[in-house]
Amino acid sequence: MLNVLAQTGVHSVSGAGFPLLTALILLPAIGAVLVAVVPRTRPEVSRLVGVAASAATGALSVWLVTQFDSHDAGFQFVSKHDWIKDLGISWHLGVDGISLFLVLLTGLLFPLALWGVKPHHDPKPYTAWLLLLQAGCMGVFLSLDLFLFFVMFEIVLVPMYFIIGGWGYADRVYAALKFFLFTMLGSTFMLVGILTTAFLARSSMPGGALTFDLVQIAEHADFATNTARWLFVSFAVAFAVKVPIFPLHTWLPDAHTQAPTAGSVILAGVMLKLGTYGFLRFGLYLFPEAAVWAAPGLVTLGVIGIIYGAIVAAVQKDLKRLVAYSSVAHLGFIVLGTFALTTQGLTGSVLQMVNHGVSTGALFLLVGMIYDRRHTRLIAELGGLQKVAPVLAGVFTVVMLSSIGLPGLNGFSGEFLILLGSFITRRWWTIVAASGVILAALYLLWAYQRVFHGEPDEANAATPDMNWVDGLVMAPLLAAILFVGVYPKPMLERIEPSVNRLIAHIEDRTTYRQPEVATKGAAVQGEATTQEGHK
């Protein structure tokens, strides 16, 4: 059995007797059930149970990172059990360097959102929905079965729909419905693609057995070129909506603006990564030739999103909507790095998924704090806040600069790797995309100037500063921003082996070859230039 697992890139690890990955999914789900049975007359108990369950999940995710073998490029902590045996559907979970830190992000961001943001009404269902959402997100990042992945991918829609529709702002019902319809429509394409993939791959499986196992299909299936491209498109539509990629982004600003603070934090910090992760785990791994074929088009849409998102963000009057459009721009960088198909680009994309989740999640938390104090998000009605709330202004400055990509903060390391890796294979796209960094500085610094600088008027003069609870919520995010910005090596050591394995898989099944300079450095290019000069 171990030999079979090793040949397919699935590896057992010491201590895997405890079903750690299963626990990461079931623990918040069980927490949601416990919250559901708490009497409505005890809202403080339901909130305590919710925070405890989510924090325990976060603790397990931290333990997962400490036990992860950074030298193993395959899937670790594998858990596989028959679910619907006759259809080849299994409870198959695994984690590698690509998904590891997304699991950690999910484990840590949810308890911060639950603890740091109190709902204005009905805390019991609000807490239960957030816990169910955490379980679904964990399931997406850990699933190695196509059917199980689809179930988890769809589960997350329901809690977020109710969170936006039940605890959002004035146009919350419209925003929730738009979010649900867009993402559900995209998912229908993926469902057709998953079923078609499994049934077409059946002839390539040992004994002709039907299976939805991601690893088995990716390693053994042999699809016709045009068939694989159509299947890739069916998956890509669902992921493009979830990212979202221009022009399928229109649901995002409305959802962010109308969602409660915790909903915006989780939507930006975790849920948008379901799409970018999906491209990496399923698009590139299952259909490598189709991914290479589609790369120029997706890179183009990603770069358009970078420029479009930045320009539209600059003219927003609502501070929260400005941050929402900044997500469209930043996620465009991740798409660019993913389809650059280089070690640096893919590694930078995975790193930037986590960085964006931390920085943008922190920005939405800060915007929520401002709204709770001033009851407005209109930039024109804010001003001079740094004089009355200097700690809030200082924290906002650090988070804003991390989002811009200031060297020494987390945003720089991810964007730098993406631009470096993309320049090797997508030079002109990268040159255009680099202007997005300048535009990000423009709209974020301008927004900061209008909100925090100047003399506060009578309404703003009474704005209270951050309290100790706010500080404790922001402290882990600030620590992550600084640590990853100064010393990203521990993350890169765990991400890069899995990225290299994915690129090797693409090269093995296509005519694509990563440029040598991407793997051996600038010295190779220098030698080639010297030899050409001697000729």
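Residues numbered from 1 in each chain as written. Predicted model: local features only at pLDDT ≥ 70, side-chain atom pairs only at ≥ 80, totals over all residues. Heavy atoms only, no water.

**Q** I'd like a rundown of helix α14 (residues 288-314), residues and numbers included.
**A** Taking 1.5 Å per residue as the helical rise, α14 with its 27 residues ought to reach 39 Å, and the 37 Å between its terminal C-alpha atoms agrees with that figure. Maximal helix bending in α14 amounts to about 50 degrees, located at Ala 295; proline Pro 296 follows within four positions. (Helix = DSSP H or I, 4+ residues; strand = E, 2+ residues; numbered from the N terminus. Expected span 1.5 Å × (residues − 1). Bend = angle between axes of the 7 residues up to and from the residue.)

**Q** Before we move on, could you go through the environment of Pro 488 and cite the residues and values that matter?
**A** Topologically, Pro 488 is positioned in the loop between α22 (468-486) and α23 (489-509). A residue is classified by how much of its surface remains accessible, and Pro 488, at 18% relative accessible area, is buried. Contact partners of Pro 488, with chain neighbours within four places excluded, come to Ser 413 and Phe 483. (Buried < 20%, exposed > 50% of the residue type's maximum accessible area, 1.4 Å probe, protein only. Contact = heavy atoms within 4.5 Å.)

**Q** An account of the confidence of the model for the protein is needed here, citing residue identities and associated values.
**A** Looking at the protein, the pLDDT average stands at 90 and 94% of residues meet or exceed 70. Throughout residues 11-16 the model reports pLDDT below 50, and contacts reaching past four residues in sequence, or to other chains, amount to 11 contacts. Every residue in residues 528-535 is under pLDDT 50, and counting partners more than four places away or in other chains gives zero contacts. (pLDDT = per-residue confidence, 0-100.)

**Q** Break down the pattern of salt bridges for me, with residues and values.
**A** In the structure shown here, the tally under the stated rule is 11 salt bridges. Ionic pairing is found between Asp 254 and Arg 321, a salt bridge with its closest N-O pair at 3.4 Å. Remark: Arg 321 occurs in helix α15 (residues 319-338) and Asp 254 occurs in helix α11 (residues 251-258); sequence separation between them is 67 residues. The class of Asp 254 is buried, set by a relative accessible area of 14%. Where salt bridges share partners, they join Lys 178, Asp 254 and Arg 321 into one cluster. (Salt bridge = Lys/Arg side-chain N within 4 Å of Asp/Glu carboxyl O.)

**Q** Go over the pairing of strand β1 (residues 76-84) with me, naming the residues and quoting the values.
**A** As paired strands, β1 and strand β2 (residues 89-95) are joined by six bridges and run antiparallel to one another. Across the sheet, residue Ile 84 finds its bridge partner in β2, namely Ile 89. Between β1 and β2, which pair antiparallel and follow one another directly, the connecting turn spans four residues, one of which, Gly 88, has a positive phi of 70 degrees. (Pairing = 2+ DSSP bridges.)

**Q** So what about the nonpolar core? Which residues, and what values?
**A** Leu 133, Ile 266, Phe 339 and Met 474 are the most contacted members of the largest nonpolar core, which totals 181 residues. Residue contributions to this core peak at 14 residues, all from helix α16 (residues 343-374). Setting aside chain neighbours within four positions, we find Phe 339 in contact with Phe 232, Phe 279, Leu 284, Ala 291, Ala 295, Leu 298, Val 299 and Arg 426. (Core = buried A, V, L, I, M, F, W, Y, C linked by side-chain atoms within 4.5 Å.)

**Q** Outline the pairing of β2, supporting the account with residue identities and numerical values.
**A** Along any regular strand, the residues point their side chains to alternate faces of the sheet. A large share of β2 lies buried, amounting to seven of its seven residues. Burial along β2 is two-sided: the face carrying Ile 89, Trp 91, Leu 93 and Val 95 and the face carrying Ser 90, His 92 and Gly 94 are both buried.

**Q** Give a detailed account of the side chain of Ser 402, specifying residues and quantitative values.
**A** As for its position among the elements, Ser 402 is in helix α18 (residues 390-404). In this structure the side chain of Ser 402 is engaged in a polar contact, spanning 2.9 Å, whose partner is the side chain of Ser 359. One polar contact links the side chain of Ser 402 to the main-chain carbonyl oxygen of Val 399, over a distance of 2.7 Å. Sequence-distant contacts of Ser 402, defined by excluding residues within four places in its chain, comprise Ser 359, Leu 409, Asn 410, Gly 411 and Ile 481. (Polar contact = N/O pair within 3.5 Å; in protein donor to acceptor, adjacent residues only side chain to side chain.)

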